[in-house]
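Listed below, chain by chain, are the residues.
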Amino acid sequence: MTSEERQSYVAGMLRRRVEAVYPSEKEVAVRLAGAERLTIYLGIDPTGAEIHLGHTIPLLLLKELFALGHDAVLLIGDFTARIGDPTGKDAARVVLTPEQIDQNMATYGEQAKKIIPETAFRIAYNSEWLGALNMEQILRLTSMVTVQQMLQRDMFQVRQKEGRPIYLNEFLYPLMQGYDSVALRTDGEIGGNDQTFNMLMGRELERELLGKDKFVITTKLLVDVATGRKMSKSEGALIAINDSAQEIRRKILAVDDGMIKTIFELCTEKNQEWISQRQAMVDAGENPKQFKEELAAELIQMYHGSEAVGQADQAIEIRQTGSLEQVLKESGLVSSLGEAKRLVGQGAVQVNGERVERWDIIIQIGDEIRVGKGKFVRVV
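Since the model is a prediction, treat every value here as computed from it, not as a measurement.

Caption draft 1: Representation of unusual backbone geometry. In this structure, Pro-23 follows Tyr-22 across a cis peptide bond, with omega equal to 5 degrees. Following the sequence through the fold, Pro-23 ends up in the loop between strand S1 (18-22) and helix H2 (25-33). Despite not being glycine, Arg-185 has its phi angle at roughly 50 degrees, a positive value. By the secondary structure assignment, Arg-185 is in the loop between helix H11 (168-184) and strand S5 (188-192). For Asn-352, which is not a glycine, the phi torsion comes out positive at approximately 55 degrees. Its place among the elements puts Asn-352 in the loop between strand S9 (349-351) and strand S10 (354-355). Overall, the relative accessible area of 44% leaves Asn-352 in the partly exposed class.

As structure tokens, then:
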């Protein structure tokens, strides 16, 4: 790229997925467009086994930064996951065992490669340096931040006001995440805007311990317009990139119509002008289902290849007969018999095109079962 092309590329990149830039957008844009090869990282704690749509937003940004010639690092927080990030939580997280963490992160690299090419990033694990810190080093870190600073966090204020406990390890989490920047000697960090406090803590530690001025880029979050809550594994609205083509289509068809443009913009590389034109057609009265189908096809192509797109509207075939509730559970469409009964009670289940009211009806070979929107299971 020429200098002018780099500047234009950076300007567009900082508009699409980015929420805020520290210390300033102007200063960071100059550094990103410059000739210096920078090291920039994204951290993900393996608190679950799936990388989901929310993760893909900063991953796509990391991919764009690599395209500029910078070094991209995916940091897996296998040590910080033992503490649990308190961000946005009104109660302490359940502590994960090392075995659970190992299982969760086993395929993170393979999943990330569906978004960013394998040659475009390297993986690091923060247990390599956090596990080696001694008590003297930890105490030195704690001396760099005050209790008052920690208590500025919204969720701590809420818990304090309501008399709920705040555990000391939750105070240590931002320090541990911040120390990642020091260990990586990074030039920049990216992450969701709910991680701003933690990432700025790393900026302070790196300036104090290394004399480096790390920049921070926060990305927009996927917020469900219906609930106002973040779409993520912890909020129960998970769209995982390892989902089958049929499952991706089903979930996208069930998403609120107002979310489609946002998911297109944040979670795909589709041309911005095309997205706006399609949204304008929906606003003018076009049925939004086609817009959803186009989004599902785009995501399926990203995660599974173009060959899988044509399979997305086909029912998943299973060899399981018996009661409806049992077939729903064994097929993986629900996580429990209780959920199957609840969905039937809500009128969300159809068998052969007819809505059913009983969960104990017998499913036979040739039956087709739908749950919510989309085609799901055919018994063969």
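Caption draft 2: Structural context of the sheet that holds strand S2 (residues 39-44). Across the sheet, which stays open at both edges, the six strands sit in the order S1-S6-S5-S2-S3-S4 with mixed pairing between neighbours. Both outer strands of the open sheet, S1 and strand S4 (122-125), are each paired with one neighbouring strand and no more. Taking each pair of neighbouring strands and ignoring which way they run, the sheet shows an average axis angle of 25 degrees. Sheet topology note: the strand S3 (residues 71-76)/S4 ladder contains four bridges and is parallel.

Caption draft 3: Representation of the packing of helix H15 (residues 272-283) against helix H16 (residues 288-304) in the model. Interaxial distance between H15 and H16 falls to 9 Å at its minimum, and their mutual angle equals 155 degrees. Considering their axes alone, H15 and H16 lie roughly antiparallel with respect to each other. As H15 runs across H16, the sense of the crossing is left-handed. Contact residues: H15 offers Trp-274, Ile-275, Arg-278, Gln-279 and Val-282, while H16 offers Pro-288, Gln-290, Phe-291 and Glu-294. Class assignment of the residues belonging to the contact of H15 with H16 gives a composition of five nonpolar, two polar and two charged.

Caption draft 4: Layout of the nonpolar core. Among the nonpolar cores identified, the biggest contains 60 residues, and Leu-32 and Ile-217 are the most heavily contacted of them. Ignoring any residue separated from it by four or fewer positions in sequence, one finds Leu-32 in contact with Arg-6, Val-10, Met-13, Leu-14, Leu-38, Ile-40, Leu-65, Leu-68, His-70, Phe-215 and Ile-217. Listed in part, the 23 residues of the second largest apolar core include Phe-79, Met-155, Tyr-179 and Val-182.

Caption draft 5: Examining the packing of aromatic side chains more closely. Tallied over the entire structure, the rule returns four aromatic pairs. Consider the rings of Phe-264 and Phe-291, whose centres lie 5.4 Å apart with planes at 25 degrees: the pair is stacked. You can see Phe-264 sitting in helix H14 (residues 260-267) and its partner Phe-291 sitting in helix H16, a full 27 residues away along the chain. The burial state of Phe-264 is the same as that of Phe-291; both residues are buried. Ring centres of Trp-274 and Phe-291 lie 6.4 Å apart, and the angle between their planes is 55 degrees; this geometry places the pair in the tilted category. A residue pair is termed long-range when its members are at least 10 positions apart, and Trp-274 in helix H15 and Phe-291 in helix H16 qualify at 17 residues. An aromatic cluster is defined as three or more aromatic residues linked by ring pairs; in this entry it consists of Phe-264, Trp-274 and Phe-291. We note Lys-341 situated over the ring of Trp-359; from NZ or CZ to the ring centre the distance is 4.2 Å.

Caption draft 6: Inspection of the confidence of the model for the protein chain at higher detail. A residue-level look at the protein chain finds 93% of positions with pLDDT of 70 or above and a mean pLDDT of 88. Within the protein chain, strand S7 (residues 316-318) has the poorest average pLDDT of any element, 69, and strand S6 (residues 215-219) the best, 98.

Caption draft 7: Representation of the pairing of S3 in the model. Of all six residues that make up S3, five are buried, and the element is covered over most of its length. The pairing of S2 with S3 spans six bridges and is parallel. Across the sheet, Gly-43 pairs through a bridge with Leu-75, a residue of S3.

Caption draft 8: The arrangement of helix H3 (residues 53-67) in detail. With 15 residues, H3 should reach 21 Å at 1.5 Å per residue; the first-to-last C-alpha distance of 21 Å fits that figure. In terms of burial, H3 is largely enclosed, as eleven of its 15 residues are buried. Here H3 has its buried residues at Leu-53, His-55, Thr-56, Ile-57, Pro-58, Leu-59, Leu-60, Leu-61, Leu-62, Glu-64 and Leu-65. Downstream of H3 by one or two residues, Gly-69 has phi in the positive range, about 100 degrees.

Reading the values: the criteria
- Residues numbered from 1 in each chain as written.
- Predicted model: local features only at pLDDT ≥ 70, side-chain atom pairs only at ≥ 80, totals over all residues.
- Heavy atoms only, no water.
- Helix = DSSP H or I, 4+ residues; strand = E, 2+ residues; numbered from the N terminus.
- Buried < 20%, exposed > 50% of the residue type's maximum accessible area, 1.4 Å probe, protein only.
- Pairing = 2+ DSSP bridges.
- Axes fitted to C-alpha atoms, helices over the stretch in contact; angles between N-to-C directions.
- Parallel < 35°, antiparallel > 145°, perpendicular 65-115°, else oblique.
- Left-handed = near helix turned anticlockwise from the far one by under 90°.
- Contact = heavy atoms within 4.5 Å.
- Nonpolar A, V, L, I, M, F, W, Y, C, P; charged D, E, K, R; others polar.
- Core = buried A, V, L, I, M, F, W, Y, C linked by side-chain atoms within 4.5 Å.
- Phe/Tyr/Trp six-rings, centres within 6.5 Å; stacked < 30°, edge-to-face > 60°.
- Lys NZ or Arg CZ within 6 Å of the ring centre and 35° of its normal.
- pLDDT = per-residue confidence, 0-100.
- Expected span 1.5 Å × (residues − 1).

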